[in-house]
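# Coordinate inspection notes
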Amino acid sequence: MSLKSKTVKGTAWSFLDNIANQGVSFGVGIVLANLLTPEEYGLIGVILIFIAVFNAIVDSGFSNALIRRNDIGDSEYNTVFIANLGMSILLFLVMFIGAPQIGRFFKQPELVSLTRVMGIVIIINAFAIIQRTILIKQINFKLQTKISLVSSLFSGAIGIGMAIFGFGVWSLVGQQISRQSINTFLLWMWNSWRPRIYFSTRSFRELFGFGWKLMLSTIIDTTWKEVYQIVIGKFYSPAMLGLYTRAKQFDTIFSSNLTSVVQRVSYPVLSSIREDKARLKSAYKKVIKITMLVSFCCMLGMAAIADSMIHVLIGEKWMAAVPMLQILCFQLMLYPLHALNLNMLQIEGRSDLFLKLEIIKKTISVGPILIGIFVGIYWMLAASVVTGFISYYLNAFYSGRLLGYSISEQVWDILPSFLIAIIAALITYGVSFIPVSCYIMLPLQLIIGFFVLISILEVAKLAEYMELKSIFKNTYSKLCLSFR
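Below or above, wherever it landed, is the structure these notes cover. Computed from a predicted model, the values in this text were never measured in an experiment.

### Observations regarding the overall build of the protein
- When helices and strands are counted, the protein shows 20 helices and zero strands.
- Across the 484 residues that make up the protein, the buried fraction comes to 55%.
- The contacts of the protein with a sequence gap of at least 6 include a subset with a gap of at least 24, amounting to 83%.
- Entry remark: accessible area of the protein is about 20600 Å², with carbon and sulfur atoms responsible for 70%.

Structure representation (structure tokens):
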């Protein structure tokens with residue numbers, strides 16, 4: 001199979017994986033948001049801060065190190081599996097013992113029992129890391145799609161069932177644990193790799209030598225992302241944290257999931273051609289242009305319909321999340337571009353530069369955190385938009401220098417997509433001033449916005465749009481045949 005065919009097929013299944021998985025999670029989230037309160041979402045949001053950071057430590061950058069190298073065998077897989085599992089048990093104990101301190105810090109006693117139970121997710125996830133890495137390395141996203149869909153459906157049903165029977169915040173805990181458990185179980189059932197009790201210090205040193213900088217970078221990045229939630233949870237209230245959590249969950253439907261799809265597919269594919277610089281740059285440019293067209297259209301479009309969308313889907317009690325969501329859309333519309341530029345540093349083997357950049361960017365990001373503590377949440381989020389643009393400049397500068405793809409060239413490549421997306425978004429937002437019910441407004445905005453966007457793209461005939469259109473047509477035909 002050609003590299004392009006592998007990429008298209010992998011992207012299609014990875015995209016379907018995220019759409020199916022997040023589509024189900026989004027639907028479940030809407031139901032739960034109507035059954036639960038912002039305060040309950042805020043409590044689980046606090047625990048997920050620690051889960052996210054600890055999962056990054058458990059992985060320790062090994063996954064990326066395994067994907068990047070072509071000479072990986074059973075020795076490396078077994079070594080990493082044992083390292084991941086050992087670290088997960090240690091961190092679970094840390095979380096279990098530290099639960100009372102977490103409860104005292106956030107002044108929420110119920111966090112103690114919630115934290116101790118949720119901590120088991122760290123160990124469950126450790127069992128899945130190698131199985132998932134092998135499938136990514138093989139660009140086998142078809143199997144991952146099926147597994148994700150099944151786990152999302154069953155865990156969603158468990159969460160909703162628990163909420164209906166009055167379990168409150170514990171329904172969110174049940175959803176999280178069952179989702180990770182089912183996902184891990186199915187990965188083991190449908191993937192043929194099995195571990196052996198074997199640990200190679202040589203393999204560990206080689207992989208950790210590359211991975212530790214990525215691990216530290218990921219810990220810094222993940223921690224800093226969660227700092228916003230820590231500030232809101234500590235200095236404001238669980239209800240305000242719940243509002244922010246819901247806004248972020250809406251936002252990540254496109255930003256994080258698009259980034260995840262592109263990273264999972266582009267990293268192994270581009271790594272395989274890293275020796276051919278001309279081919280690598282050409283492929284990289286195409287990935288960036290297509291990705292940012294989708295990102296700009298989705299994120300700016302969501303900002304335009306945020307008011308009616310929140311009102312219709314999760315109700316009046318969540319309306320304070322609207323401005324948060326709109327600011328986050330502007331902050332995260334460049335998120336896939338950040339990730340792609342950082343991916344290039346990994347592909348080029350510059351994990352040292354990756355770490356250096358993370359330290360610089362997070363130092364700059366102290367500003368918004370201080371604004372959040374002393375001024376207000378909305379000003380904190382607005383300031384983070386500014387630091388996001390600065391971070392992009394730093395990421396693109398170094399990756400561009402390695403590949404001969406300058407910032408000005410990148411900006412020129414994505415500018416047409418941004419202009420088209422902003423025009424369509426402004427027209428869509430303008431529709432909101434029509435005096436009709438929000439239940440009529442939301443479908444009206446969606447229809448008009450989509451029609452305007454496609455009309456402009458058809459007239460402009462951007463190369464990335466035409467490429468995307470061709471890929472969708474071909475992929476749709478192939479997926480229909482695959483499901484038969």
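Read on for the rest.
### Things to note about the packing of aromatic side chains
- Under the defined criterion, the tally for this structure stands at 14 aromatic pairs.
- Note on F81 and W193: the rings are 5.9 Å apart at their centroids and 65° apart in plane angle, and the pair reads as edge-to-face. Taken as a pair, F81 in helix α4 (residues 74-105) and W193 in the loop between α8 (170-190) and α9 (201-235) lie far apart in primary sequence, 112 residues in all. This pair shows no difference in class: F81 is buried, exactly as W193 is.
- An aromatic cluster is built from Y77, F81, F127, W188 and W193, whose rings are joined through pairwise contacts.
- A cation over an aromatic ring shows up here: R116 above the ring of F96, its NZ or CZ 4.5 Å from the ring centre.

### Some points on the state of the cysteines
- Enumeration over the complete set of coordinates arrives at zero disulfides.
- Distance from the sulfur of C297, which forms no disulfide, to the nearest cysteine sulfur (C298) is 6.8 Å.
- Given a relative accessible area of 17%, C297 falls into the buried group.

### With respect to the side chain of Q410
- Summarising the element assignment, Q410 is placed in helix α18 (residues 407-430).
- Polar contacts involving the side chain of Q410 include one to the side chain of Y392, which spans 2.9 Å.
- Contacts of Q410, omitting those with residues within four sequence positions, involve Y284, I288, L337, N341, Y392, A396, S399 and Y405.

### Thoughts on the packing of α4 against helix α5 (residues 111-118)
- With their axes 8 Å apart at the nearest point, α4 and α5 run at an angle of 165° to one another. By the angle class used here, α4 and α5 are roughly antiparallel. Between α4 and α5 the crossing geometry is right-handed. Here F92, M95, F96, A99, P100, I102 and G103 of α4 lie close against α5, whose contacting residues are L111, V112, T115 and R116.
- Taken together, the residues that form the contact of α4 with α5 break down as eight nonpolar, two polar and one charged.

### Brief notes about helix α6 (residues 120-137)
- Here α6 is 18 residues long and its end C-alpha atoms lie 27 Å apart, about the 26 Å a rise of 1.5 Å per residue gives.
- Along its length, α6 reaches its greatest deviation from straightness, about 35°, at A128.
- Among the 18 residues that make up α6, 14 are buried, leaving the element largely enclosed by the rest of the structure.

### Quick notes on the pattern of salt bridges
- Within the structure shown, the criterion is met by five salt bridges.
- Across the pair D74 and R196 runs a salt bridge whose closest N-O atoms are separated by 3.1 Å. Of the two residues, D74 sits in helix α4 while R196 sits in the loop between α8 and α9, which places them 122 residues apart along the sequence.
- Across the pair K285 and E409 runs a salt bridge, and its minimum N-O distance is 3.2 Å. Here E409 lies in helix α18 and K285 lies in helix α12 (residues 277-314), a separation of 124 residues in the sequence.
- Several salt bridges converge on common partners, so that one network encompasses K281, K285, E409 and D413.

### Let's talk about helix α17 (residues 377-403)
- If you check α17, its first and last C-alpha atoms are 38 Å apart, about what 27 residues at 1.5 Å a residue would give, namely 39 Å.
- Taken from the residues just after α17, G404 is the one with a positive phi, measuring 75°.

### Examining the packing of helix α2 (residues 38-59) against α6
- Contact pair α2 / α6: the axes reach a minimum separation of 10 Å and the direction vectors enclose 35°. Between α2 and α6 lies a crossing whose hand is right-handed. Residues I51, F54, N55, V58 and D59 of α2 form the contact with α6, whose participating residues are V121, I122, N125, A126 and I129.
- For the contact of α2 with α6, the residue count by class is seven nonpolar, two polar and one charged.

### What to know about a nonpolar patch on the surface
- Where nonpolar side chains cluster on the molecular surface, the patch consists of V31, L35, I164, F165 and F167 and spans about 530 Å² of accessible area.
- Its place among the elements puts I164 in helix α7 (residues 141-164).

### Brief notes about the environment of Y393
- Mapped onto the secondary structure, Y393 falls in helix α17.
- Between the alpha carbons of Y393 and H338 there is a distance of 9.1 Å; along the sequence they are 55 residues apart.

### Let's talk about the environment of V231
- Within the fold, V231 resides in helix α9.
- Overall, V231 belongs to the buried group, its relative accessible area being 4%.
- Between the C-alpha atoms of V231 and F106, which are 125 residues apart in sequence, the distance is 10.0 Å.
- Residues in contact with V231, not counting those within four places in the same chain, are Y236, I369, G372, I373 and M380.

Conventions we followed
- Residues numbered from 1 in each chain as written.
- Predicted model: local features only at pLDDT ≥ 70, side-chain atom pairs only at ≥ 80, totals over all residues.
- Heavy atoms only, no water.
- Helix = DSSP H or I, 4+ residues; strand = E, 2+ residues; numbered from the N terminus.
- Buried < 20%, exposed > 50% of the residue type's maximum accessible area, 1.4 Å probe, protein only.
- Contact = heavy atoms within 4.5 Å.
- Areas by Shrake-Rupley, 256 points an atom, 1.4 Å probe, with all protein chains shown as cover.
- Phe/Tyr/Trp six-rings, centres within 6.5 Å; stacked < 30°, edge-to-face > 60°.
- Lys NZ or Arg CZ within 6 Å of the ring centre and 35° of its normal.
- Disulfide = S-S within 2.5 Å.
- Polar contact = N/O pair within 3.5 Å; in protein donor to acceptor, adjacent residues only side chain to side chain.
- Axes fitted to C-alpha atoms, helices over the stretch in contact; angles between N-to-C directions.
- Parallel < 35°, antiparallel > 145°, perpendicular 65-115°, else oblique.
- Left-handed = near helix turned anticlockwise from the far one by under 90°.
- Nonpolar A, V, L, I, M, F, W, Y, C, P; charged D, E, K, R; others polar.
- Expected span 1.5 Å × (residues − 1).
- Bend = angle between axes of the 7 residues up to and from the residue.
- Salt bridge = Lys/Arg side-chain N within 4 Å of Asp/Glu carboxyl O.
- Patch = residues over 30% accessible without salt bridge, like charges linked within 9 Å, V, L, I, M, F, W, Y side chains within 5 Å.

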